[in-house]
Amino acid sequence: MELKRLIREPTNLFMMILFPAMLTLVFGLSFSSIESGIPGVSQFEVMAPGLFSYACIFIIMTVAQAFTDEREQGLLERINTTPTTSGEFMGSHLISNTIISVLQVIIVFALSVALGYRPQGGALGVLFAFIFIIFLSLCSVGLGLITATVAKSAGAATGISFIFILPQMFFGTFITITSTTRIIASFLPSFYVTDALTLIFNGASVISPKVLTDLLLISIIGAIIVGLGIFIYKRYSRA
Amino acid sequence: MSTDLNNGIAITIKNLVKKFDNIIAVNDLSFDVKEGEIFGLLGPNGAGKTTTIKILSGLLKPTSGTATVGGYDVNKDIQQVKKLIGVCPQHAAVYKFLTGRENIELFGNLHTMEKKELKSRIEYLLETANFTESSKRKVKGYSGGMLRQLNLLISLINNPRIAFLDEPTVGMDPRARRATWEFIGSLKEQNKTVILTTHYIEEAEALSDNVAIIDYGELIALGPPKVLMEKHNSKNLEEVFMKITGRRILEGI
């Protein structure tokens, strides 16, 4: 159903597929010929892992809008009159939105490769990278649920979701961070994912202590955010 | 198998109370609904009709009192209750980006229906309601009447033994309303128990075997429409409704 929503609602289709694809295209065309300071590595190649994380963040807004809209339309209440439990319903949303988020990253990844990005690490590296992406997507869905709990309407959800989107975008994706912003970044899930993807795609072993530390941290943050998201949505949302 | 249904009683409400902070929405409500009857639940705006339906369908917990649906206590066995019921909410709760058919199918899946059973039930409902062609279109383009029709069909997808229809015909044109009356009437022939709330008193008079009139959350009249009309010396149910709810206003109750 979420896939149908994505395809049939033009705003969703733009935000979830066309926007990240266009951004990758623009970044690729603009920065692939600019030197990064590392010999033989373009600025686009430095930014690419951050772009993959960036693609996952926008699902916060989509999830928040979808849940708020379903609540406003009385759909959540109607679903509550069926034998399907709220846990099953939340679980299906969590899985389907995570799949959509991963699909977005696949599109951005494929476009980046088409634009000359050559990640190292082989198939195992790519597989590991997508494990990180799954964790970040789950975090985003959890943050979407938190946003939906607070928001009174789908319009408000859009605005509130940027509280979670902007810091992650500026301090945890493709924008270079300073020693000051690093402190803020250490609280953001996207920072650990971008860090791990950068390491993996630059050839670091997937079982290197740094990558495994990132994996441990993102899995802990992910579990906390998803758990908190489900808890406060079920507890405080007027479903 | 529920004992209440064996005894011919589908729903039992005993001393039901629901308070929202200091507001009493349902006040010591008690009545039974027989199996296979259409039971009209009438009352002015804010009388507590929707709150009662929400309690019976597990959306709200009562403050005190008990209610059983199909023999299952709504406080203790709500998952069992949900397997028996179909709920048509007051506002059409449907996914606008899906087609009518997809909406019905989705709710059939939420009722964990078998694929084959679901398909044949959809065909049956669409044909009976003459909605097959409309169901192929996205809901976004539906008129108000079509939305109400879809809203009703969704509530019946699981072939419920007990249906709660909360103002199912509001906003429909007279022709669509008449067609929906026939459709609701056909549920009785299938031995379904229906609780119908409506502001169209003539609708309740035409369809209901028994009606309960509630006001300020309290039961103020109960019985078959004809009996109530005789008792209150009225020529129709609307007159009964106006007399007893109007009197309460005049008496300042």
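Residues numbered from 1 in each chain as written. Chains lettered and ligands numbered in written order. Predicted model: local features only at pLDDT ≥ 70, side-chain atom pairs only at ≥ 80, totals over all residues. Heavy atoms only, no water.

(A) Spotlight on the sheet that holds strand S5 (residues 72–73) of chain B. Residue and element names in this part refer to chain B. What the four strands build is an open sheet, ordered S2-S1-S4-S5; its pairing is antiparallel. Edge positions in the open sheet fall to strand S2 (23–34) and S5, since each of these has one partner strand only. Across eight bridges, strand S1 (residues 9–20) lies against S2 in antiparallel orientation. For isoleucine 13, the partnering residue across the bridge sits in S2 and is phenylalanine 31. (Pairing = 2+ DSSP bridges. Helix = DSSP H or I, 4+ residues; strand = E, 2+ residues; numbered from the N terminus.)

(B) Here's a closer look at the confidence of the model for chain A. Of all residues in chain A, 99% have pLDDT values of 70 or greater, and the mean over the chain is 91. The least confident element of chain A is helix H1 (residues 2–8) of chain A, whose mean pLDDT is 81; the most confident is helix H10 (residues 189–201) of chain A, at 95. (pLDDT = per-residue confidence, 0-100.)

(C) Looking closely at the pairing of strand S6 (residues 85–88) of chain B. Residues and elements named next belong to chain B. Here S6 shows a buried face lined by Ile85 and Val87 and a second buried face lined by Gly86 and Cys88. Across four bridges, the pairing between S6 and strand S7 (residues 162–166) is parallel. By the bridge assignment, valine 87 is partnered in S7 with phenylalanine 164. (Buried < 20%, exposed > 50% of the residue type's maximum accessible area, 1.4 Å probe, protein only.)

(D) The interface of chain B and chain A, seen in detail. Listed as interface residues are 28 residues of chain B and, on the opposing side, 19 residues of chain A. Sorting the residues of chain B by area buried against chain A places Tyr95, Phe97 and Leu110 of chain B first, and these three jointly supply 31% of that buried surface. The closest approach of N and O atoms between lysine 140 of chain B and glutamate 9 of chain A, which form a salt bridge, is 3.9 Å. Taken together, chain B and chain A are joined by twelve residue pairs in polar contact (both at pLDDT 80 or more). Elements supplying a minimum of two residues to the side of chain B that touches chain A: helix H3 (78–84), S6, helix H4 (100–110) and helix H6 (144–155) of chain B. The biggest single contributor to the side of chain B that touches chain A is H4 of chain B, with four residues. (Contact = heavy atoms within 4.5 Å. Buried area = accessible area lost by both parts, 1.4 Å probe. Salt bridge = Lys/Arg side-chain N within 4 Å of Asp/Glu carboxyl O. Polar contact = N/O pair within 3.5 Å; in protein donor to acceptor, adjacent residues only side chain to side chain.)

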